[in-house]
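# Coordinates in review
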Amino acid sequence: MTAPENSDTATAKNRDDALIKSALNGDTRAFAQLMSLYKRRVQMLGMSFFKNISDSEDFVQEVFLKVYTRLSTFQGTALFSTWITRIAYNIAINSVNRRKEYLPIMDETVFPDPGFSPEEKEIRQITIEAVRAAIKELPERYAVCLDMYFFYDMSYQEISDTTGYPVNTIKSHIFRAKKILRDKLEHLAVL
Amino acid sequence: MKRETCNIIMNHFLELDKNERLPFSITFHLLICKRCRTQVRLLTQAEKTAAEPVKIPVPLNDTTIEAVLKKIDPAYNAVSGSPISLLKWIVSGLLMIFLLLIFGVITNSTSSGQLLLVFYLMFAILVTVYCALFVGCNMDFFVKKIETLKLAV
């Protein structure tokens with residue numbers, strides 16, 4: 001939403017570029033590091049589509065094998081995280097095993113805790129509730145867009161490139177979710 | 001009137017994309033409106049904390065990572081890397097002590113005191129360099145050992 005994150009993005013991009021280069025030169029450990037960095041993202045997407053751990057693990061393996069075979073086609077125009085999410089999304093959508101409905105990220109327990117303070121935990125819980133409330137008002141197929149924006153840290157354009165939905169549609173749904181979030185955060189503002 | 005301005009500004013803010021720069025109109029309003037400033041701070045924090053867990057790396061010895069890498073490279077071993085071998089260090093250390101003793105025995109009765117001092121100083125420097133190289137080359141090993149001990153305590 002604001003500019004300071006840009007430096008983090010640039011650092012992550014440089015790190016990923018170096019790892020991709022090493023992986024393309026046959027360094028398997030570099031690819032292992034890429035997997036370590038992005039496995040959680042793919043796994044969470046898998047849980048939303050397959051709704052069980054076993055199928056999600058198979059899905060993660062399938063995604064990373066595909067990423068490995070297509071690594072040389074990554075041009076660096078998008079972030080690696082976006083590229084990998086796009087591959088994962090396409091595999092999930094086309095998978096015969098996937099459940100019909102997308103299960104949005106709703107359960108706090110599925111997330112690892114990176115050591116949040118009590119205030120951050122509360123804010124996070126409120127965010128989940130706000131996204132949940134916004135999703136209830138939307139056609140089911142757009143739930144993934146809200147998840148991608150809030151939980152996968154993707155921009156409107158990245159979400160649009162991944163899902164194929166128009167940017168303006170995505171933008172308006174996310175705007176509604178942000179409004180709900182703002183209202184829910186209101187009580188923290190008066191403290 | 002002020003409330004209306006706040007709503008317009010906040011709506012404008014909510015339309016912004018990830019990492020999008022704040023327009024001047026919003027920045028200016030935030031400077032003078034504490035209520036909107038707090039809302040923006042909370043919303044920014046909410047987005048940041050929401051996306052945080054997905055960025056936590058999983059350990060390299062994760063079973064899925066190992067399974068994928070085994071398919072890519074059957075010779076892959078997550079733990080191995082470059083195993084530390086102390087053999088060459090022990091051999092060279094023993095050799096150094098042996099030479100030192102031999103030198104001591106040979107020069108015990110014959111050499112002058114000054115010459116012995118020079119040689120012993122040289123040996124002292126050699127031992128120091130050896131120890132420094134030993135620790136320096138195996139720094140990773142020592143750091144991990146110390147961290148493990150700390151955790152055990």
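Throughout, a residue's number is its position along its own chain's written sequence, starting from 1. As they are written, the chains are lettered A onward and the ligands numbered 1 onward, keeping that order. Totals for whole chains, interfaces and linings use every residue, but because this is a predicted model, local features are given only for residues with pLDDT of at least 70 and side-chain atom pairs only at 80 or more, for both listing and counting.

### Some remarks on the overall build of chain B
Numbering goes from the N terminus for both helices and strands, where a helix is a DSSP run of H or I of at least four residues and a strand is a run of E of at least two. When you go through chain B residue by residue, the secondary structure sums to 7 helices and 0 strands. Listed N to C, the secondary structure of chain B is α-α-α-α-α-α-α in terms of helices and strands. Here the contacts in chain B between residues at least 6 apart in sequence split such that 44% fall between residues at least 24 apart. Placing C-beta atoms from the backbone, we regard two residues as in contact once those atoms come within 7 Å.

### Some remarks on the overall build of chain A
Tallying secondary structure elements over chain A gives 8 helices and 0 strands in all. Listing each helix as α and each strand as β along chain A from the N terminus yields α-α-α-α-α-α-α-α.

### Digging into the packing of helix α5 (residues 118–136) of chain A against helix α6 (residues 143–150) of chain A
Residues and elements named next belong to chain A. Contact geometry of α5 with α6 gives a least axis separation of 10 Å together with a crossing angle of 160°. In terms of orientation, α5 and α6 fall into the roughly antiparallel class. Where α5 crosses over α6, the handedness of that crossing is right-handed. Residues Thr127, Val131, Ala134 and Ile135 of α5 form the contact with α6, whose own contacting residues are Ala143, Leu146 and Phe150. Residue composition of the contact of α5 with α6, grouped by class: 6 nonpolar, 1 polar and no charged. Under this scheme, a helix contributes an axis fitted over its contacting stretch, all axes are lines through C-alpha atoms, and angles between N-to-C directions fall in the 0 to 180 degree range. Reported orientations rely on four angle classes, namely roughly parallel under 35 degrees, roughly antiparallel over 145, roughly perpendicular from 65 to 115, and oblique for the rest. Handedness of each helix crossing follows the sense of rotation of the near helix against the far helix: counterclockwise by less than a right angle gives left-handed, clockwise gives right-handed. Gly is placed with the polar residues, together with every amino acid not listed as nonpolar (Ala, Val, Leu, Ile, Met, Phe, Trp, Tyr, Cys and Pro) or charged (Asp, Glu, Lys and Arg).

### A short note on the environment of Gly164 of chain A
Among the structural elements, Gly164 of chain A can be located in the loop between α7 (156–163) and α8 (167–189). What makes Gly164 of chain A exposed here is the crowd of 10 C-beta atoms within 10 Å. Whether a residue is buried, exposed or partly exposed follows from its count of other C-beta atoms within 10 Å of its own C-beta, namely 20 or more, 12 or fewer, or something in between, respectively; the C-beta atoms are built from the backbone.

### A word on the domain arrangement of chain A
Residue and element names in this part refer to chain A. Considered domain by domain, chain A is made up of domain 1 (5–94) and domain 2 (108–189). In this entry, domain limits derive from an automatic or database-based domain assignment. Computed from C-alpha coordinates alone, the two centres of domain 1 and domain 2 are separated by 22 Å. The interface is formed by 8 residues belonging to domain 1 together with 8 residues belonging to domain 2. Every element with two or more residues in the side of domain 1 that touches domain 2 is listed here: α2 (28–50) and α4 (80–94). For the side of domain 1 that touches domain 2, the leading source of residues is α4, giving 4 residues.

### Things to note about the interface of chain A and chain B
In this assembly, 44 residues from chain A lie in contact with 39 residues from chain B. Contributing elements (two or more residues each) for the side of chain A that touches chain B: α1 (5–24), α2, α3 (53–69), α5 and α8 of chain A. With 9 residues, the single largest contributor to the side of chain A that touches chain B is α2 of chain A. Considered class by class, the residues forming the side of chain A that touches chain B number 25 nonpolar, 8 polar and 11 charged.

### Looking at the confidence of the model for chain B
All names here are of chain B. A score between 0 and 100, pLDDT records how confident the predictor is in each residue. Summary statistics for chain B give a mean pLDDT of 81 and a share of 84% for residues scoring 70 or more. Within chain B, helix α7 (residues 139–152) has the poorest average pLDDT of any element, 64, and helix α2 (residues 24–32) the best, 92. With pTM at 0.72, the complex prediction returns an ipTM value of 0.83.

### A closer look at the environment of Asp153 of chain A
With respect to the helices, strands and loops of the structure, Asp153 of chain A is situated in the loop between α6 and α7. On a C-alpha basis, the gap between Asp153 of chain A and Ser81 of chain A in space is 9.4 Å, while along the polypeptide they are 72 residues apart. For Asp153 of chain A, the residues in contact, after removing those within four places along its chain, are Lys18, Ala51 and Val54 of chain B.

### Quick notes on the nonpolar core
Counting 63 residues, the largest nonpolar core has Met35, Val131, Cys145, Leu146 and Tyr149 of chain A together with Ala46 of chain B as the members making the most contacts within it. With 11 residues, the top contributor of residues to this core is α2 of chain A. To define a nonpolar core, we join buried Ala, Val, Leu, Ile, Met, Phe, Trp, Tyr and Cys residues through C-beta atoms within 7 Å and take the resulting set.

### Quick notes on the environment of His173 of chain A
All names here are of chain A. Mapped onto the fold, His173 is located in helix α8. His173 sits in the buried class, given 22 other C-beta atoms within 10 Å. In sequence terms His173 and Leu146 are 27 residues apart; their C-alpha atoms lie 7.5 Å from each other. If we ignore the near neighbours within four places in the chain, the residues touching His173 are Leu138, Tyr142, Cys145 and Leu146.

### Comments concerning unusual backbone geometry
For Asp153 of chain A, which is not a glycine, the phi torsion comes out positive at approximately 55°. One non-glycine residue, Asn19 of chain B, lies in the positive phi region at around 60°. With respect to the secondary-structure elements, Asn19 of chain B resides in the loop between α1 (2–15) and α2.

### Let's talk about α3 of chain A
The periodicity of an α-helix, 3.6 residues per turn, causes residues three or four places apart in sequence to face the same way. In this analysis, the expected span of each helix is defined as 1.5 Å times one less than the number of residues it contains. The terminal C-alpha atoms of α3 of chain A lie 24 Å apart, and with 17 residues this matches the ideal 24 Å at 1.5 Å per residue to within 8%. Taken together, the buried positions of α3 of chain A are occupied by Ser56, Phe59, Val60, Val63, Phe64 and Val67 of chain A. Taken around the axis of α3 of chain A, the buried residues stretch over an arc of 125°, which confines them to a single face. Turned more than 90 degrees away from the buried face of α3 of chain A sit Ser54 and Thr69 of chain A, all of them exposed. Each element contacted by the buried residues of α3 of chain A is listed here: α2 and α4 of chain A together with α4 (63–72) of chain B. The directions considered for the arc run from the helix axis to the C-beta atoms.

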